[in-house]
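# Inside the fold
The chain contents come next:
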Amino acid sequence: MSTVRTMRRLGAVSAAAIAATIAFAGPASAHAEVTASNAQALAKDVVLTFTGEAESESGGFTEVRVVLPEGIAPGDVTLDEAPKGWKMKSTKDGYALSGPKLAVGTNAVHKVKVRQLPDAKSLAFKTIETYSDGKVSRWIELPGDGPEPEEPAPVLELKAAAAGAKPAKSPSPSPSRDAADKTSDKASGKSGKSGKTEKKADEEESSNAGAATAIGISIGVLIVAGAGLWVFKQRRSAE
């Protein structure tokens, strides 16, 4: 009989210990993670799913900020799915999602589409989560040779790129000012040759204008001289 009681007591103590362990480890085991529709280097139009596990007992998520790894620019990412009412805003090094607070204990899940994954073995997405009660979780520690990080950043392991896969070409740069000027000249019918022709025409026009001025002055002098001679003759006749 005593043996049965002892076993029962041991069972009760074990159950309580397990429950306490789970309760203690619950918040500590919360983390942020990322998965992909195609976790392969150089894959295009890949949908990434980010999950932030709730760890606050008094507040719900209000914002999730993600720092993009090297090889993915903010302009390469578009929102695919997010909590109701949440909006996406690009930042200098990634993007931020925010909106009405989620219910306490509700995970923050969102999806983005990436134009193309870089040629890498793994990608780390540092994530900062903000709750309505002011709590901030920073999942920004990168794995290294030392002990496992307490607040690890979500890491996506990638398979090797498919045979023949190449990085997508960057959008064509805007034409330079000189190129734009040349294009404008071409559109208006101007060219280097026509420019020289116009310059020559201007020179000829200036030369002709100078000749006309000289002729006008000469005619004026002759008129004045003729008038003077006529006055002189009139005076002689009167005398």
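Our structure is the block above this text.
A brief structural summary.

Rules of the game
- Residues numbered from 1 in each chain as written.
- Predicted model: local features only at pLDDT ≥ 70, side-chain atom pairs only at ≥ 80, totals over all residues.
- Heavy atoms only, no water.
- Helix = DSSP H or I, 4+ residues; strand = E, 2+ residues; numbered from the N terminus.
- Buried < 20%, exposed > 50% of the residue type's maximum accessible area, 1.4 Å probe, protein only.
- Contact = heavy atoms within 4.5 Å.
- Areas by Shrake-Rupley, 256 points an atom, 1.4 Å probe, with all protein chains shown as cover.
- Phe/Tyr/Trp six-rings, centres within 6.5 Å; stacked < 30°, edge-to-face > 60°.
- Salt bridge = Lys/Arg side-chain N within 4 Å of Asp/Glu carboxyl O.
- Pairing = 2+ DSSP bridges.
- Axes fitted to C-alpha atoms, helices over the stretch in contact; angles between N-to-C directions.
- Core = buried A, V, L, I, M, F, W, Y, C linked by side-chain atoms within 4.5 Å.

Attention shifts here to the overall build of the protein. Each helix and strand in the protein was counted, giving 3 helices and 11 strands. Across the 239 residues in the protein, those meeting the buried criterion constitute 22%. By sequence separation, contacts in the protein at least 24 residues apart represent 69% of the contacts at least 6 residues apart. Total accessible area on the protein stands at roughly 16,700 Å², and carbon and sulfur atoms take up 56% of it.

Note on aromatic pairs: each is described by the distance of the centres and the angle between the planes. Scanning the model with the defined rule gives 2 aromatic pairs in all. Considering the side-chain rings of phenylalanine 50 and phenylalanine 125, the 5.3 Å spacing of their centres and the 80 degrees angle between planes classify their relative orientation as edge-to-face. Placement of phenylalanine 50 in strand S2 (residues 44–52) and of phenylalanine 125 in the loop between strand S8 (122–124) and strand S9 (126–131) is noted, with a sequence separation of 75 residues between them. For the pair phenylalanine 50 and phenylalanine 125, one class covers both residues: buried.

With that settled, the discussion passes to unusual backbone geometry. Positive phi values are uncommon outside glycine, yet leucine 42 reaches one of about 65 degrees. Take leucine 42: its relative accessible area is 10%, and that puts it in the buried class. A positive phi angle, near 50 degrees, is found at aspartate 45, a position not held by glycine. Checked against the element boundaries, aspartate 45 lands in strand S2.

This part takes up the pattern of salt bridges. All told, the structure shown has 3 salt bridges when counted by the stated rule. For the salt bridge of arginine 65 with aspartate 93, the shortest nitrogen-to-oxygen distance reads 3.1 Å. Of this pair, arginine 65 sits in strand S3 (residues 61–67) while aspartate 93 sits in the loop between strand S5 (87–90) and strand S6 (94–98), placing them 28 residues apart in sequence. Overall, the relative accessible area of 30% leaves arginine 65 in the partly exposed class. Residue classification places aspartate 93 among the partly exposed positions, given a relative accessible area of 31%. Across the salt bridge formed by glutamate 81 and lysine 111, the nearest N and O atoms sit 3.9 Å from each other. With glutamate 81 in strand S4 (residues 77–81) and lysine 111 in strand S7 (residues 108–116), this residue pair connects regions lying 30 residues apart in the sequence. Classification of glutamate 81 by relative accessible area gives partly exposed; the value is 44%.

Moving on, we come to the sheet that holds strand S10 (residues 136–139). Here 5 strands make up an open sheet; going across it, the order is S5-S6-S3-S9-S10 and the pairing antiparallel. Of all the strands in the sheet, the pair left with one neighbour each is S5 and S10. Each adjacent strand pair in this sheet contributes to an overall mean axis angle of 15 degrees, direction not counted. Across 4 bridges, S9 lies against S10 in antiparallel orientation. Bridging from a neighbouring strand, threonine 130 pairs with valine 136 of S10.

Okay, the nonpolar core next. Soluble globular proteins tend to pack their nonpolar side chains together in the buried interior. Leu48, Phe50, Ile72, Val77, Tyr95, Leu117 and Phe125 are the most contacted members of the largest nonpolar core, which has 24 residues in total. Looking at this core, the elements that each hand over two or more residues are S2, S3, S6 and S7. Ignoring sequence-local partners within four residues, the contact set of phenylalanine 125 consists of Val34, Leu48, Phe50, Val66, Val67, Leu68, Pro69, Ile72, Trp139, Ala153, Pro154 and Leu156.

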